[in-house]
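Fold and geometry: a report
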Amino acid sequence: MTSTSKVRDVAVGTGGNLLHAARIASTGPAGIGAAVATRGYSIARTELARRKKAKKQKARSTAGVSRRTRRLVVFGTLFGAAAGAAFLATKRRRTVQPPADAPPSLSDYANDTPRIVETPQV
């Protein structure tokens, strides 16, 4: 695009805007209010569309995992926890406590002779 065509586009755009503004102003306050309301409505509509698009894009980026996969992971985790708890419970149940030592009987003391322990003198 040459500089001449740029200048012409700016002039045409500016002239068109000026003509549009003059036409709206000539209709009076009602025309100005209607033009402002129409412009505000179009801005609000484009903003709503932009937000909706951004929301969909964000949801798409965070929802990289399908619902079926998430369900599989959740139920797999629950099943794994239950299986681990059952394994630990059965392992504890299978352990056998060793029998306690029997206390010495009186006959064991009857045959013993008293021992004299000498302490070293300093």
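Residues numbered from 1 in each chain as written. Predicted model: local features only at pLDDT ≥ 70, side-chain atom pairs only at ≥ 80, totals over all residues. Heavy atoms only, no water.

The subject of this paragraph is the overall build of the protein. A count of helices and strands for the protein gives 4 helices and 0 strands. Moving toward the C terminus, one meets the helices and strands of the protein in the order α-α-α-α. Residue burial in the protein is summarised as follows: out of 122 residues, 3% are buried. Counting every atom, the protein has about 11,900 Å² of accessible surface; 64% of that belongs to carbon and sulfur. (Helix = DSSP H or I, 4+ residues; strand = E, 2+ residues; numbered from the N terminus. Buried < 20%, exposed > 50% of the residue type's maximum accessible area, 1.4 Å probe, protein only. Areas by Shrake-Rupley, 256 points an atom, 1.4 Å probe, with all protein chains shown as cover.)

For the structure on display, the rule yields 2 salt bridges. With its nearest N and O atoms 2.5 Å apart, the salt bridge here joins Glu47 to Arg50. Here the residue Glu47 and the residue Arg50 both occupy positions in helix α2 (residues 29-62), the gap between them amounting to 3 residues, near one helical turn. For Glu47, the salt bridge goes to Arg51, with nearest N and O atoms at 3.2 Å. (Salt bridge = Lys/Arg side-chain N within 4 Å of Asp/Glu carboxyl O.)

On the surface, Val74, Phe75 and Leu78 cluster together into a nonpolar patch covering about 320 Å² of accessible area. Overall, the relative accessible area of 47% leaves Val74 in the partly exposed class. (Patch = residues over 30% accessible without salt bridge, like charges linked within 9 Å, V, L, I, M, F, W, Y side chains within 5 Å.)

What follows deals with the confidence of the model for the protein. Looking at the protein as a whole, the pLDDT averages 78, with 74% of positions reaching at least 70. When pLDDT is averaged over each helix and strand of the protein, the minimum, 69, is found for helix α1 (residues 3-26) and the maximum, 86, for helix α3 (residues 67-94). (pLDDT = per-residue confidence, 0-100.)

This part is about the environment of Ala35. Turning to its location among the elements, Ala35 is positioned in helix α2. Sequence separation between Ala35 and Ile24 is 11 residues; the distance between their C-alpha atoms is 7.2 Å.

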